[in-house]
Amino acid sequence: MKNLTLEKINKNLLLLALALLLFRTSSFAVTHIPQPFELCFSLVCILTLIDFIWNKRFSIFFGSFPKRLWISSAVLFLSVLVGWLMAIGFRDIVTTTNTLFEFGAFVVAFAVGVLVFYYSKHDQTYIEKCLYVLCIPAVYSVCIISPHLGETFGVVQNGTFRGF
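1. Details of a nonpolar patch on the surface
On the surface, Leu49, Ile53, Phe58, Phe62 and Trp70 cluster together into a nonpolar patch covering about 490 Å² of accessible area. Broken down by secondary-structure element, the contributors of at least two residues to the nonpolar patch are helix H3 (36–54) and helix H4 (58–63). Tracing the backbone shows Leu49 in helix H3. Taking relative accessible area as the criterion, Leu49 reaches 46% and is therefore assigned partly exposed.

2. Structural notes on the packing of aromatic side chains
Under the criterion given, the structure shown has 14 aromatic pairs. Measuring from centroid to centroid gives 4.9 Å for Phe77 and Phe110, while their planes differ by 85°, and the two rings are edge-to-face. Taken as a pair, Phe77 in helix H5 (residues 67–89) and Phe110 in helix H6 (residues 97–119) lie far apart in primary sequence, 33 residues in all. Residue Phe77 is classed as partly exposed on the basis of its relative accessible area of 24%. The class for Phe110 is partly exposed, based on a relative accessible area of 24%. Counting every residue linked through ring pairs, the aromatic cluster contains Phe52, Phe58, Phe61, Phe62, Phe65, Trp70, Phe117, Tyr118 and Tyr119.

3. Remarks on the packing of helix H1 (residues 6–20) against H6
Two elements in contact, H1 and H6, have axes whose closest approach is 11 Å; the angle formed by their N-to-C orientations is 135°. By the angle between their directions, the pair H1 and H6 is classed as oblique. As for how H1 packs across H6, the hand of that crossing is left-handed. Across from Glu7, Asn10, Lys11, Leu14 and Leu18 in H1, the residues of H6 making contact are Val112, Leu115, Val116 and Tyr119. Residues that form the contact of H1 with H6 fall into these classes: 6 nonpolar, 1 polar and 2 charged.

4. Here's the deal with the pattern of salt bridges
All chains considered together, the criterion is met by 3 salt bridges. Between Arg57 and Glu7 there is a salt bridge, with the nearest N and O atoms lying 2.8 Å from each other. Of this pair, Arg57 sits in the loop between H3 and H4 while Glu7 sits in helix H1, placing them 50 residues apart in sequence. Overall, the relative accessible area of 24% leaves Glu7 in the partly exposed class.

5. Observations regarding H6
Between its terminal C-alpha atoms H6 stretches 32 Å, which fits the 33 Å expected from 23 residues at 1.5 Å a residue. Every buried residue of H6 is accounted for by Val112, Val114, Leu115, Val116, Tyr118 and Tyr119. Where H6 is buried, its residues contact H1, H3, H4 and helix H7 (124–134).

6. Some remarks on the packing of H3 against H6
Each pair of packed helices can be described by the angle between their axes along with the distance between the axes. Where H3 contacts H6, the axes come no closer than 12 Å and their chain directions differ by 50°. On the basis of the axis angle, H3 is oblique to H6. Like other packed secondary-structure pairs, H3 and H6 cross with a definite hand, here left-handed. For the pair H3 and H6, the contacting residues are Phe37, Phe41, Val44, Cys45, Thr48 and Phe52 in the first and Val108, Ala111, Val112, Leu115, Tyr118 and Tyr119 in the second. Looking at the contact of H3 with H6 residue by residue, the classes come out as 11 nonpolar, 1 polar and no charged.

Scoring rules and cut-offs
Residues numbered from 1 in each chain as written. Predicted model: local features only at pLDDT ≥ 70, side-chain atom pairs only at ≥ 80, totals over all residues. Heavy atoms only, no water. Patch = residues over 30% accessible without salt bridge, like charges linked within 9 Å, V, L, I, M, F, W, Y side chains within 5 Å. Areas by Shrake-Rupley, 256 points an atom, 1.4 Å probe, with all protein chains shown as cover. Salt bridge = Lys/Arg side-chain N within 4 Å of Asp/Glu carboxyl O. Helix = DSSP H or I, 4+ residues; strand = E, 2+ residues; numbered from the N terminus. Buried < 20%, exposed > 50% of the residue type's maximum accessible area, 1.4 Å probe, protein only. Phe/Tyr/Trp six-rings, centres within 6.5 Å; stacked < 30°, edge-to-face > 60°. Axes fitted to C-alpha atoms, helices over the stretch in contact; angles between N-to-C directions. Parallel < 35°, antiparallel > 145°, perpendicular 65-115°, else oblique. Left-handed = near helix turned anticlockwise from the far one by under 90°. Contact = heavy atoms within 4.5 Å. Nonpolar A, V, L, I, M, F, W, Y, C, P; charged D, E, K, R; others polar. Expected span 1.5 Å × (residues − 1).

Here it is, written out as structure tokens:
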């Protein structure tokens, strides 16, 4: 307990958040109720921000990513933004609340990737733990192979996977 730092807490909470993706039954866009993953990930973000401010780690964070990663990330975000603006301006596609939620989901997925990359930068065992946790959703493949088994356990309804 004596060596428990905000970084270690964040690493473990991030692993827990990734594992909680297995128990996702709906979307925040549909229910407006945060799922366990979203709650845990929000806590990780808040604690990471506190850690960065308290321990002055902003320069470490921004310095830990290669320049190419920053450039590719900027290009990715700009292409999504330009595509979105072109859809609105040239294709007359109406922007709905769901569109904003989808963009938010994209930002969350990107942020999860950035946090996993940052926390696993010099920790080989953490990389392995993240890899194992990210393989947990392979459990879903059983329901793809045998849909009747999924219906038996109540995780499939009308051919759609509902989650646990």
